[in-house]
Amino acid sequence: MSDDEHHNQTFEAASAGASLTFPMQCSALRKNGHVVIKGRPCKIVEMSTSKTGKHGHAKVHLVGIDIFTDKKLEEICPSTHNMDVPNVSRKEYQLTYIDEGFLNLLTSDGTSKDDVKVPEGPLGKEIRDGFDEGKDLLVTVITAMGEEAAISCKEAPKGS
């Protein structure tokens, strides 16, 4: 077997190397920012710092709400330790149709995206009702740590 055969590898998929999370020191986290608590991407809603005790480190108490499930999660960690911060992105897509509980969305470059579920509750009803009325809707989708969900919708501006 020659050297060339060892190096002849096929890669089915490649990403730009963007990580799902990045580390940040606890003391640098801020309210309304994002953090990973118990493996879930959360928005920080409350944050308090305790004084340094007899054994040194100040502790940071974080209260976050999961950005996908709205569950409240808490974490306490030393202020000098690093915590993971999820890479969160928001994008707007145009709604083309709804198919078996999934939104069929159009990206800005004209490609179709059909793997976002119709959200539960009042937002899902608002999207379905607006679509049934024939409104031109823009749906905002939030993506973090390999998950995505529709978080809001609005009527597309006329004449754009």
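Refer to the preceding data block for the structure.
A quick note: this is a predicted structure, and the numbers were derived from the prediction, not measured.

Structural notes on the overall build of the protein
For step 1, the next point in the chain: When helices and strands are tallied, the protein shows two helices and 11 strands.
For step 2, the next point in the chain: Taken over 160 residues, the protein has a buried fraction of 29%.
For step 3, the next point in the chain: Sequence-distant contacts, at least 24 apart, represent 49% of the contacts inside the protein between residues at least 6 apart.
For step 4, the next point in the chain: For the protein, the computed accessible surface area is about 10,800 Å², with 49% contributed by carbon and sulfur atoms.

Considering the state of the cysteines
Working definition: the covalent bond between the sulfur atoms of two cysteines is a disulfide.
For step 1, the next point in the chain: Within this structure, the stated rule accounts for one disulfide.
For step 2, the next point in the chain: Disulfide pairing places Cys26 opposite Cys77 at an S-S distance of 2.1 Å. The sign of the -105° torsion about the S-S bond sets the Cys26-Cys77 disulfide as left-handed. Linking Cys26 in the loop between strand 1 (21–25) and strand 2 (34–37) with Cys77 in strand 5 (residues 72–78), this pair joins segments that are 51 residues apart in sequence.
For step 3, the next point in the chain: Residue classification places Cys26 among the buried residues on the basis of a relative accessible area of 0%.
For step 4, the next point in the chain: Using a relative accessible area of 9% as the deciding quantity, one classes Cys77 as buried.

Thoughts on the pattern of salt bridges
For step 1, the next point in the chain: Counted by the stated rule, this structure contains seven salt bridges.
For step 2, the next point in the chain: Across the salt bridge formed by Lys154 and Glu92, the nearest N and O atoms sit 3.1 Å from each other. Residue Lys154 is located in strand 11 (residues 147–155), and its partner Glu92 is located in strand 7 (residues 89–99); the two are separated by 62 residues in the primary sequence.
For step 3, the next point in the chain: One salt bridge connects Lys135 with Glu133, and the closest N-O pair in it is separated by 3.3 Å.

What to know about the side chain of Ser79
For step 1, the next point in the chain: Within the fold, Ser79 resides in the loop between strand 5 and strand 6 (82–86).
For step 2, the next point in the chain: Given the relative accessible area of 13%, Ser79 is considered buried.
For step 3, the next point in the chain: Every residue in contact with Ser79, bar those within four places of it in the chain, is listed here: Gln25, Cys26, Ser27, Ala58, Lys59 and Val60.

Considerations on unusual backbone geometry
Keep in mind that most residues, glycine aside, have a negative phi and that most peptide bonds are trans.
For step 1, the next point in the chain: Despite not being glycine, Asp70 has its phi angle at roughly 65°, a positive value.
For step 2, the next point in the chain: One can find Asp70 in the loop between strand 4 (59–66) and strand 5.
For step 3, the next point in the chain: Not every positive phi belongs to a glycine, and Met145 is a case in point at roughly 50°.
For step 4, the next point in the chain: Secondary-structure assignment places Met145 in the loop between strand 10 (137–144) and strand 11.

Regarding the sheet that holds strand 11
For step 1, the next point in the chain: Strand order in the open sheet made by the five strands is 9-8-7-10-11, with antiparallel pairing throughout. Of all strands in the sheet, those bounded by a partner on one side alone are strand 9 (112–117) and strand 11. Averaged over all neighbouring strand pairs, the angle between strand axes comes to 45°, with direction disregarded.
For step 2, the next point in the chain: Judged from the eight bridges that link them, strand 10 and strand 11 form a sheet pairing that is antiparallel. Note on strand 11: the bridge partner recorded for Leu137 is Glu155.

About the criteria used
- Residues numbered from 1 in each chain as written.
- Predicted model: local features only at pLDDT ≥ 70, side-chain atom pairs only at ≥ 80, totals over all residues.
- Heavy atoms only, no water.
- Helix = DSSP H or I, 4+ residues; strand = E, 2+ residues; numbered from the N terminus.
- Buried < 20%, exposed > 50% of the residue type's maximum accessible area, 1.4 Å probe, protein only.
- Contact = heavy atoms within 4.5 Å.
- Areas by Shrake-Rupley, 256 points an atom, 1.4 Å probe, with all protein chains shown as cover.
- Disulfide = S-S within 2.5 Å.
- Salt bridge = Lys/Arg side-chain N within 4 Å of Asp/Glu carboxyl O.
- Pairing = 2+ DSSP bridges.
- Axes fitted to C-alpha atoms, helices over the stretch in contact; angles between N-to-C directions.

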